[in-house]
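Residue strings, one per chain:
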Amino acid sequence: MSKVHFFCEHCGKEVRARDKVCPHCGKFFSQVRCPECDYQGPAEHFAMGCPQCGYSGHGKVEAVYEDVDVGSSSGKKPPSYLKKSSSPIPDWIFGLVGVVFFLVFVAMVVVFFITQ
């Protein structure tokens, strides 16, 4: 059986199964929908095609989106995990800096107690 490919229902471009937001048009995926029988569920259910009807239609399964533009001013707040960071620095850099500061702090405490 061929690998199942996922496509954004809004813009039609291919997305990864684990994507929560279309990287092309910014629409939020609430679930995956089978274009054959309209079964909806999480992406994991579609690993081998539609769990209800078996459709894999050349491996194409569509991602269902909710009309939520990340960062829009429509009054409806997107979930916190969808908020775009205003920082140009990736989040993992902040974690790395925190770990480095912690290790430096521990080293300074050890040196302080050894020299006493």
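Throughout this description, residue numbers start from 1 for each chain and increase along the sequence as written. Per-residue local features are limited, in this predicted model, to residues with pLDDT of at least 70; the limit for side-chain atom pairs, both in listing and counting, is 80 or more; totals at the level of whole chains, interfaces and linings are taken over all residues. Excluded from the side-chain calculations are hydrogens and water; all other atoms, namely the structure's heavy atoms, are used.

Q: Please clarify how the layout of surface pockets should be interpreted in this entry.
A: To locate leftover empty space, one rolls a probe as large as a water molecule over the atoms. Space inside and on the surface of the protein is sampled on a 1 Å grid over the protein atoms alone, with a cavity defined as a set of points where a 1.4 Å probe fits but cannot get out and a pocket as an open set with protein on both sides within 12 Å along at least 5 of 7 lines; lining residues have an atom within 4 Å of a point. Grid points are joined across faces, edges and corners, and a volume is the space filled by probe spheres set on the points. Each pocket or cavity is described by its volume, and for the largest pocket that value is around 180 Å³. Secondary structure elements follow DSSP: runs of H or I of four or more residues count as helices, runs of E of two or more count as strands, with numbering from the N terminus. A per-element tally of the lining of the largest pocket places strand S3 (residues 27-33) first, with 4 residues. Tallied by class, the residues present in the lining of the largest pocket amount to 8 nonpolar, 2 polar and 5 charged. Under this grouping Gly is polar, as are all residues other than the nonpolar Ala, Val, Leu, Ile, Met, Phe, Trp, Tyr, Cys and Pro and the charged Asp, Glu, Lys and Arg.

Q: Help me understand the nonpolar core in this model?
A: For soluble globular proteins, the rule of thumb is that nonpolar side chains tend to be buried together. Counting 10 residues, the largest nonpolar core is built from Phe 6, Cys 8, Val 15, Cys 22, Phe 29, Val 32, Cys 34, Ala 43, Phe 46 and Cys 50. Counting residues per element, the ones that place at least two in this core are strand S1 (5-8) and S3. Once you skip the residues sitting within four places of it in the chain, Cys 22 turns out to touch Cys 8, Cys 11, Val 15, Lys 27 and Phe 29. In these notes, a set of buried Ala, Val, Leu, Ile, Met, Phe, Trp, Tyr and Cys residues joined through side-chain atoms within 4.5 Å is what counts as a nonpolar core. Under the scheme applied here, a residue whose accessible area is under 20% of the maximum for its type counts as buried, over 50% as exposed, and between as partly exposed, the area being computed with a 1.4 Å probe on protein chains only. Should any heavy atoms of two residues lie within 4.5 Å, those residues are counted as being in contact.

Q: Would you take a moment to explain the pattern of salt bridges for this structure?
A: Pairing between side chains of opposite charge can happen when their charged atoms approach one another. Salt-bridge detection follows one rule: a side-chain nitrogen of Lys or Arg within 4 Å of a carboxyl oxygen of Asp or Glu. Scanning the model with the defined rule gives 2 salt bridges in all. One salt bridge connects Asp 19 with Arg 16, and the closest N-O pair in it is separated by 3.1 Å. Given the relative accessible area of 13%, Asp 19 is considered buried. Across the salt bridge formed by Arg 33 and Asp 38, the nearest N and O atoms sit 3.0 Å from each other. In this structure Arg 33 comes out as buried when scored by relative accessible area, which is 15%. Asp 38 sits in the partly exposed class, given a relative accessible area of 48%.

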